[in-house]
Amino acid sequence: KRLVSGLTKTRDNIVSGFDSIFSGFSHIDDDFYEELEEILVMGDIGIHATEEIIENLKKKVKENHIKEPADCRELLINSIKEQMYVGDTAYRFEEETSVVLVIGVNGVGKTTTIGKLAGKLKSQGKKVILGAADTFRAAAGEQLTEWANRAGVEIVGGQEGSDPGSVVYDAVQAAKARKADVLLCDTAGRLHNKKNLMEELKKINRILEKEYPEAYRETLVVLDATTGQNALVQAKQFSEAAEITGIVLTKMDGTAKGGIAVAIHSELGIPVKYIGVGESIDDLQKFDADQFVDALFE
Ligand code: GDP
């Protein structure tokens, strides 16, 4: 229910357009496909993914001998789902001892996401420790401490300007000493200096390999869905700097550009694992591509 309410704007944007062409065209022709294409692109699904979805749809229409535009609806839904398929989308860090590194540029909602995720894991009965290793930003540590308090979890580090590697080191020692299930680390977000970013992440990963080899490692990138195609650009840049295992798309409640989830799956092959649908601690949902597409067409 909440998934659907959090996606209202995206749904209104994309699906109201679909419905008008499914009923507005008397037969399937080039104009029909062109309008469909326009709606998909406007919904921030991206040109590349859109073209493949339309090609796939055309093939299905032919194979199934479809004549009526209205009968395309189901085939379109399936084409979008197929475009979003990325294979493994497991949440292993919820099952075993793990470290989750969270990356993202200023303002995307990284701190909020870490707080929500900490709250979620805590409510599943897990012992969670936060590592405040994004030491570059002023006040980042304070904000994260507030979230740690809200979620009721322990936090390590947070001194502005301290070495991120040493914060991670300390956080790992704390996680081992307290037998934490999940160590959630706030990490770098300076995309404008990719070399530094790569070095910083490499260093953190080296520390984790050495100090905490038993922990499963997940690397999540937080992106602001309201920025549409810019979010995709950021995701690409981060994926060049590190091995990303999942995406969190924030502010899905405030945007009609939720189609960006399709573009990310299609172009990067990295699953969106969570979406943010509000500012409070409960406003983080697991993302399921099939459910997402169904919700859009509901
Ligand atoms: P950071 O700089 O990346 O750490 O960003 P913050 O976590 O401080 O978030 C920036 C702003 O976005 C804050 O006002 C948050 O309340 C807001 N925000 C974060 N996630 C969401 C979301 O899913 N929905 C909405 N509506 N606002 C969000």
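Residues numbered from 1 in each chain as written. Predicted model: local features only at pLDDT ≥ 70, side-chain atom pairs only at ≥ 80, totals over all residues. Heavy atoms only, no water.

This part covers the packing of helix H5 (residues 73-84) against helix H12 (residues 289-297). Where H5 meets H12, the axes come as close as 9 Å, and the angle between the chain directions of the two elements is 150 degrees. For the element pair H5 / H12, the angle class is roughly antiparallel. The element H5 and its partner H12 pack so that their crossing is right-handed. For the pair H5 and H12, the contacting residues are Arg 73, Leu 76, Ile 77, Ile 80, Lys 81 and Met 84 in the first and Ala 289, Asp 290, Phe 292, Val 293, Asp 294 and Phe 297 in the second. For the contact of H5 with H12, the class distribution of residues is eight nonpolar, no polar and four charged. (Axes fitted to C-alpha atoms, helices over the stretch in contact; angles between N-to-C directions. Helix = DSSP H or I, 4+ residues; strand = E, 2+ residues; numbered from the N terminus. Parallel < 35°, antiparallel > 145°, perpendicular 65-115°, else oblique. Left-handed = near helix turned anticlockwise from the far one by under 90°. Contact = heavy atoms within 4.5 Å. Nonpolar A, V, L, I, M, F, W, Y, C, P; charged D, E, K, R; others polar.)

What follows deals with the sheet that holds strand E2 (residues 128-132). Strand pairing in a sheet relies on backbone hydrogen bonds. The paired strands run either parallel or antiparallel. In spatial order, the strands read E3-E2-E4-E1-E5-E6-E7-E8; together these eight strands make up an open sheet with mixed pairing. Strands at the two margins of the open sheet, each flanked by one partner only, are strand E3 (154-157) and strand E8 (284-286). Neighbour to neighbour, the strand axes of the sheet diverge by 25 degrees on average, direction disregarded. Against the sheet, helix H9 (residues 194-211) engages strand E1 (98-103) and strand E5 (216-224), with an angle of about 175 degrees to E1. (Pairing = 2+ DSSP bridges.)

What follows covers the UniProt feature "domain: SRP54-type proteins GTP-binding" (unreviewed entry) in the chain. When the UniProt feature table is mapped onto this chain, "domain: SRP54-type proteins GTP-binding" (unreviewed entry) is found at residues 271-284. Note that residues 271-284 is 0% helix and 43% strand, and that its end C-alpha atoms are spaced 16 Å apart. (UniProt positions renumbered as here; feature names shortened; annotations may be inferred.)

With that settled, consider the site of the ligand. Close to the ligand lie 17 residues, the nearest being Gly 107, Lys 110, Thr 111, Thr 112 and Glu 279. Between an oxygen atom of the ligand and a main-chain N or O atom of Val 277, the distance comes to 3.5 Å. Summarising the interface, the protein chains cover 78% of the accessible area of the ligand, which totals 580 Å² for the free molecule. Element by element, the count of residues in the shell around the ligand is highest for helix H6 (residues 110-123), at four residues. Looking at side-chain class alone, the shell around the ligand contains three nonpolar, eight polar and six charged residues. (Near = heavy atom within 4 Å. Polar contact = N/O pair within 3.5 Å; in protein donor to acceptor, adjacent residues only side chain to side chain. Areas by Shrake-Rupley, 256 points an atom, 1.4 Å probe, with all protein chains shown as cover.)

So, on to the nonpolar core. Core analysis: the biggest nonpolar cluster contains 84 residues, and Phe 18, Leu 184, Leu 249 and Phe 292 have the highest contact counts within it. It is H12 that contributes the most residues to this core, six residues altogether. With sequence-adjacent residues up to four places away left out, Phe 18 is seen in contact with Leu 36, Ile 39, Leu 40, Leu 76 and Phe 297. With 19 residues, the next largest nonpolar core counts Leu 101, Ala 180, Cys 185 and Tyr 212 among its residues. (Core = buried A, V, L, I, M, F, W, Y, C linked by side-chain atoms within 4.5 Å. Buried < 20%, exposed > 50% of the residue type's maximum accessible area, 1.4 Å probe, protein only.)

Per the UniProt annotation, the sites labelled "coiled-coil region" (unreviewed entry) are residues 191-218. Split by type, residues 191-218 is 64% helix and 11% strand. Its first and last C-alpha atoms lie 19 Å apart.

Attention now moves to the packing of H9 against helix H10 (residues 229-241). Across the interface, H9 lies against H10 with an axial gap of 9 Å and an inter-helix angle of 50 degrees. Classified by the angle their axes make, H9 and H10 are oblique. By crossing handedness, the relation of H9 to H10 is classed as right-handed. Of the residues in H10, those in contact with Lys 194, Leu 197, Met 198 and Leu 201 of H9 are Gln 237, Phe 238, Glu 240 and Ala 241. Here the residues of the contact of H9 with H10 are counted per class, giving five nonpolar, one polar and two charged.

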